[in-house]
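What follows is the residue order along each chain.
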Amino acid sequence: MTPTIERLDFPMTVFRGKGALHSLGAFCKTLGTNALVFGGQTALAKTQELIWDSLSQAGVGITDTECYGGESSRHNINVLVKKVRQAQADVLIAVGGGKALDTGKLVADICELPLITIPTIAATCAAITPVSVVYADDGEFVETVVFKNCPAGTIIDTDIILHAPLRWLAAGMGDTLAKWYECRVSIQCAQQTSLTFCALAKGYELVERFGRQARQAVENRKHSDALDWTVDAIILYAGLASSLGGEKIRSTAVHAAGHGLAVGYGNLFLLALENCSDEEISEAMRIAEQCAVPTNLDQIVNLTEVELQTVAQAILLMPNMKNMLFAATEDIVLKAIQRVNCLARA
């Protein structure tokens, strides 16, 4: 019997915890001596002073600080690629949320330079995965790009994440829970590994156990171990599962509902679509509520019956629905949405 050989992609180095950003300079110096920093405007405003201080103390030159443009679009990517080459940078640092980090991975890949990611919110696992989502300048989805390698390093400073709006942490917890719910369906279409299951189970367990305390930490702006562990679940464990399991590990009806807080609601939609018991859906709602994740579609958007039918039709056309184990219909989708909303109101 021929043994199965798997390739496991991880970031080279991860610094995580309160004050982790102070480790940036010394680590960056192991990769290059001339850094270009780019990211979101809000993210840079919150971190630029710390980043520059850490790099300067380590003797790393800073060519410039650039805004990434707001979308991980080909236009913005090409603008940054030109600036990186003009500056003759030999290491890149991407700061911000998912789109900023995805832009960083795309620019680094084109320029063939090492990348350090610094997530300033814990809404997704983008910081450590070898994947970027490309959008048009108007925000419309274009494509998903998979790279050969993960970022060279990631700095997860939970003191910075602590001071981000709660909605981003809630979105990350909903997304992490989603990966576990989806795994039961999509694993039929994806490669099964012990590490994938371990990462998914641990991520779910941490959010279920510490999500409420992490939420309270952000609400009170008071750091706690629960926040660290919940951020681990969102970025590290969920990111590991995505890296190992590929796109199919997180592509079913949950992500057909969209990203952010909508994914958390999508978890409940998936359970209803699978015709799970009221008890199982109610338990998922309990976990969602303690994590500030919406349990009712009205908490996300108010739709008329006609608009809801349009949404149901759009969901059926999403590529993610192909990973479901049965063929859904518009009627099945609408009944699943209605069932979740009724249970939430009850």
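Values in this document were obtained by computation on a predicted structure and should not be read as measured data. (Residues numbered from 1 in each chain as written. Predicted model: local features only at pLDDT ≥ 70, side-chain atom pairs only at ≥ 80, totals over all residues. Heavy atoms only, no water.)

### Side note on the sheet that holds strand 1 (residues 13–17)
Then, number 1: What the six strands build is an open sheet, ordered 1-8-5-4-2-3; its pairing is parallel. What marks the edges here is a single partner per strand, and that holds for strand 1 and strand 3 (61–67). Sheet twist, expressed as the average angle between the axes of neighbouring strands with direction ignored, equals 15°.
Then, number 2: Relative to strand 8 (residues 153–157), strand 1 is paired through five bridges, and the arrangement is parallel. The partner of Arg16 across the bridge, within strand 8, is Ile156.
Then, number 3: The strands touched by helix 2 (residues 41–57) are strand 2 (34–39), strand 3, strand 4 (91–96) and strand 5 (115–119); relative to strand 3, the strand with the most contacts, the crossing angle is about 180°.
Then, number 4: Docked against the sheet, helix 3 (residues 74–87) engages strand 2, strand 3 and strand 4, running at close to 160° with respect to strand 2. (Pairing = 2+ DSSP bridges. Helix = DSSP H or I, 4+ residues; strand = E, 2+ residues; numbered from the N terminus. Axes fitted to C-alpha atoms, helices over the stretch in contact; angles between N-to-C directions. Contact = heavy atoms within 4.5 Å.)

### Structural notes on the nonpolar core
Nonpolar side chains tend to gather and get buried jointly when the protein is soluble and globular.
Then, number 1: Leu92, Val107 and Ile235 are the most contacted members of the largest nonpolar core, which has 69 residues in total.
Then, number 2: Those residues in contact with Val107, other than ones at most four positions away along the chain, are Phe38, Ile77, Leu80, Val81, Val84 and Leu92. (Core = buried A, V, L, I, M, F, W, Y, C linked by side-chain atoms within 4.5 Å. Buried < 20%, exposed > 50% of the residue type's maximum accessible area, 1.4 Å probe, protein only.)

### Topic: the packing of aromatic side chains
Then, number 1: Taken as a whole and assessed by the stated rule, the structure comprises three aromatic pairs.
Then, number 2: An angle of 80° between the planes, with centres 6.4 Å apart, marks the rings of Tyr135 and Phe141 as edge-to-face.
Then, number 3: The ring of Tyr135 carries the charged tip of Lys99 above its face, separated from the ring centre by 4.4 Å. (Phe/Tyr/Trp six-rings, centres within 6.5 Å; stacked < 30°, edge-to-face > 60°. Lys NZ or Arg CZ within 6 Å of the ring centre and 35° of its normal.)

### Description of the confidence of the model for the chain
Then, number 1: Residue-level pLDDT values for the chain average 86, and 86% of them are 70 or greater.
Then, number 2: Segment residues 248–258 is flagged for pLDDT under 50; beyond a separation of four residues in sequence, or across chains, it makes 53 contacts in the model. (pLDDT = per-residue confidence, 0-100.)

### Comments concerning unusual backbone geometry
Then, number 1: Unusually for a residue other than glycine, Asn275 sits at a positive phi of about 60°.
Then, number 2: Positive phi values are uncommon outside glycine, yet Ala292 reaches one of about 65°.
Then, number 3: Looking at the element boundaries, Ala292 is found in the loop between helix 11 (278–290) and helix 12 (305–317).
Then, number 4: Owing to a relative accessible area of 25%, Ala292 belongs among the partly exposed residues under this scheme.

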